[in-house]
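Here is what each chain is made of, one letter per residue.
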Amino acid sequence: MTMHYDLLAHRILERAATQFPNKRIITRVGEGTHRYTYADMFARTARLGNALRELGVEPGDRVGTFAWNNYRHLEAYFAPPTIGAVVHTINIRLAPDDMAYIINHAGDKVLLIDPDLTPVIETIADRLTTVRHFVILGEPEEVSTTLPDAIAYETVLAAASAEYSPADVDEYATMGLCYTSATTGLPKGVAYSHRAVYLHSMASSAVDVLALSERDRVMAIVPMFHANCWGLPYSSTMVGADQIFPGLRPDPRIICELVEREGVTFSAGVPTIWIGVLDYIQRSGVEYDLSSLKQIISGGSAVPLAILQAYRDQLGVEIVHAYGMTEAAPLISVNRRRSRLDGLTESEQLALSAKQGVTAAGVEMKLVDENGDTAEWDGEQRGELWFRGPWIADEYVNDERSSETFVDGWYHSGDIASIDRDGYIQIVDRVKDMVKSGGEWISSVDLESAIMAHPDVLEAAVIAIPHPQWQERPLACVVPRAGTSGQLTKDAVLDFIRPDFARWWLPDDVVFIDEIPKTSVGKFDKKVLRERFEDHR
Ligand code: ADP
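Calculation criteria
- Residues numbered from 1 in each chain as written.
- Predicted model: local features only at pLDDT ≥ 70, side-chain atom pairs only at ≥ 80, totals over all residues.
- Heavy atoms only, no water.
- Pairing = 2+ DSSP bridges.
- Helix = DSSP H or I, 4+ residues; strand = E, 2+ residues; numbered from the N terminus.
- Buried < 20%, exposed > 50% of the residue type's maximum accessible area, 1.4 Å probe, protein only.
- Arc of directions from axis to C-beta.
- Contact = heavy atoms within 4.5 Å.
- Near = heavy atom within 4 Å.
- Polar contact = N/O pair within 3.5 Å; in protein donor to acceptor, adjacent residues only side chain to side chain.
- Nonpolar A, V, L, I, M, F, W, Y, C, P; charged D, E, K, R; others polar.
- Domains from an automatic or database assignment.
- Buried area = accessible area lost by both parts, 1.4 Å probe.
- Phe/Tyr/Trp six-rings, centres within 6.5 Å; stacked < 30°, edge-to-face > 60°.
- Lys NZ or Arg CZ within 6 Å of the ring centre and 35° of its normal.
- 1 Å grid on protein atoms, 1.4 Å probe; cavity = no way out; pocket = protein on both sides within 12 Å on 5 of 7 lines; lining within 4 Å.
- Points joined across faces, edges and corners; volume = space filled by probe spheres on them.

### So, the sheet that holds strand β4 (residues 86-89)
Here's step 1: The strand order across the open sheet built from seven strands is β7-β6-β5-β3-β4-β8-β9, with neighbouring strands paired in mixed fashion. Bordering the open sheet on either side are β7 (151-152) and β9 (189-193), each of which pairs with just one other strand.
Here's step 2: Where strand β6 (residues 133-136) meets β7, two bridges bridge the pair, whose relative direction is parallel. Bridge pairing links V135 to I151 in β7.

The structure is reproduced here in structure tokens:
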């Protein structure tokens, strides 16, 4: 037999502190930059653990974070787990009702809040039933709030013992908590065990997955409150990569400047971010040196083919498509080209890179058709993707809706896909976003991707609108690129995609709008669009 060795989240940080003590953690703070090392971070995390104990946090208790991507948030990713407690990363962009709901539902005992976000918590403070302490992530002079007895993070840290004394925990104990962003109904909580996060970090950093290395300088644009920040704070720490945090409200200019100044090699975020960055570079005319950037991971929704192509051809940067969800901590699959496919032509390679990739080791998947039968992996047959594995949830926390989604040991994703013979997933649509026309399904994702390839289109979302005869028909909502509005017509859009689709797939109408509404994590918010265009004929 081998040793009994619990896979614990804080062992990830222990390794960084001993193996990579001088590797750096860099945060944009106002006009300046905060820099320190894993050794410094480890020491402060030990103090934070003790400070939380002083505040009455016990094993199993929840500590909520309400913060941008920064070094204090990284400390909070590790300190609660170290003392056997749970870090709950709260989405700072949820509606106030949803925020109050998840904080109460999680039972957060302490909230760690960025100074500029205190006004948001102030508006819901009187509804919070479990919070005992509000800790403001800053110096004492940054505490300016009506939150009762708010204390400065740096004050509690300075007062706490420096001794590193991790709790004795089981690897199956909960160490993290994330809620889905509630595009329909109340947010659902997903709990992560130490073991899940440890294994996720190992599997996701592998060469054929995210290919994360000690040599990397990782900048997550994906918010630290979205799906565990795709695990990057943990996996980057495990491999000893430098980490760069963009701080408050990162915009395309800030992203480009940070890449250039800090020599970022690896970044990650939803497609909306990369569409915005490309548009900014093209419009500003500023020539950034992005040559350090080896790969950008884009996930959270399908990345349009035109964006993959533009990054490759115009910026010389490879976008790597990844797929996952909060329920899977979050990584399911990443698109790396298998050796067998090296001989593909350039356009075949591009088409391949728009797929969602192959599963990481540890993730098992099934494709199940409408009749409940297993569908073939032939790149044609469609079905719902089901998953299981060591970092995939088996329930929502304290939630009656669990039984609809977690059935007989499988997580039913609600994503419709095909899988080809090499195991590459291609997402057709979310079940609730498909357009059902005359009993046949139309993929909104395919239409959007095709429309966004038009040079005058910045963004496009396709939604179903009710139709008396066909039940539903597709409507394209299109945002023209700045400087072209007024010139782009419905016919120009439809003519552009006509060669690629059957006639009945083509949208019945094209509406031009100023902006596609986005969800709290930056995805196209089709629910809002469906409501807006409900009566469109
Ligand atoms: P939320 O549910 O709060 O939007 P998640 O990130 O957990 O946040 O959403 C996961 C869902 O996002 C997946 O089930 C899938 O529908 C979609 N998704 C994630 N990555 C991709 C991708 N690369 N391509 C297409 N859809 C994706």
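### Brief notes about helix α1 (residues 9-19)
Here's step 1: Listing the buried residues of α1 in full gives A9, H10, I12, L13, A16 and A17. Taken down its axis, α1 places every buried residue within 145° of arc, on the same side. Relative to its buried face, α1 has exposed residues pointing more than 90 degrees away, namely T18 and Q19.
Here's step 2: Of the surrounding secondary structure, the elements contacted by the buried residues of α1 are α2 (38-54), α3 (71-82), β8 (174-179), α7 (194-205) and α8 (232-239).

### Section: the site of the ligand
Here's step 1: Close to the ligand lie 16 residues, the nearest being S181, A322, T326, D415 and R430.
Here's step 2: At a separation of 3.0 Å, a nitrogen atom of the ligand approaches a polar backbone atom of G300.
Here's step 3: Residue contributions to the shell around the ligand peak at four residues, all from strand β14 (residues 318-324).
Here's step 4: Looking at side-chain class alone, the shell around the ligand contains four nonpolar, nine polar and three charged residues.

### Observations concerning the domain arrangement of the protein chain
Here's step 1: Domain boundaries assigned for the protein chain yield domain 1 (9-204), domain 2 (251-430) and domain 3 (434-532).
Here's step 2: Averaged C-alpha coordinates put domain 1 and domain 2 at centres separated by 27 Å.
Here's step 3: On the side of domain 2, 21 residues touch domain 1, which itself brings 26 residues to the contact.
Here's step 4: Together, the buried faces of domain 1 and domain 2 total about 1800 Å²; carbon and sulfur atoms form 62% of this surface.
Here's step 5: When the area that domain 1 buries against domain 2 is broken down by residue, the three leading residues are R28, K188 and H200, summing to 29%.

### Here's the deal with the packing of aromatic side chains
Here's step 1: Scanning all chains against the criterion turns up ten aromatic pairs.
Here's step 2: Relative to Y234, the ring of F78 has its centre 5.1 Å away and its plane inclined at 75°; by these criteria the two rings are edge-to-face. You can see F78 sitting in helix α3 and its partner Y234 sitting in helix α8, a full 156 residues away along the chain. Summarising the burial analysis for this pair, F78 and Y234 share the class buried.
Here's step 3: Relative to W505, the ring of F501 has its centre 5.7 Å away and its plane inclined at 15°; by these criteria the two rings are stacked. Here F501 matches W505 in class, with each residue buried.
Here's step 4: Chaining the aromatic ring pairs together yields one cluster made of Y77, F78 and Y234.
Here's step 5: The positively charged end of R11 is found above the aromatic ring belonging to Y5, 4.2 Å away from the centroid.

### Looking at empty space enclosed by the protein
Over the atoms rolls a probe the size of a water molecule, and in doing so it shows where empty space is left.
Here's step 1: All chains considered together, the criterion is met by three cavities of 30 Å³ or more.
Here's step 2: Computed from the structure, the largest cavity encloses a volume of approximately 70 Å³.
Here's step 3: In terms of lining residues, the largest cavity is bounded by I255, C256, V259, S267, W274, V277, L290, L293, I296, Y311 and L315.
Here's step 4: Of all elements in the fold, only α9 (252-262), α10 (271-284) and α11 (305-315) reach the threshold of two or more residues within the lining of the largest cavity.

### Side note on the pairing of strand β25 (residues 471-480)
Here's step 1: Counting buried positions along β25 yields eight of ten residues, so the element is predominantly enclosed.
Here's step 2: As paired strands, strand β24 (residues 457-467) and β25 are joined by ten bridges and run antiparallel to one another. Considered in β25, the bridge of A460 is made with V478.
Here's step 3: Between β24 and β25, which pair antiparallel in sequence order, lie three residues.
Here's step 4: Where β25 meets strand β26 (residues 509-512), four bridges bridge the pair, whose relative direction is parallel. By the bridge assignment, V478 is partnered in β26 with F512.

### Things to note about the environment of W504
Here's step 1: Looking at the secondary structure, you find W504 in the loop between α15 (490-497) and β26.
Here's step 2: Sequence separation of W504 and R473 is 31 residues, and the distance between their C-alpha atoms is 9.1 Å.

### Regarding α15
Here's step 1: For α15, the set of buried residues is V493, L494 and I497. Projection of α15 onto a plane perpendicular to its axis shows the buried side chains occupying an angular sector of 90°, all on one side.
Here's step 2: Tucked into the core, α15 has its buried residues touching α14 (444-451) and β26.

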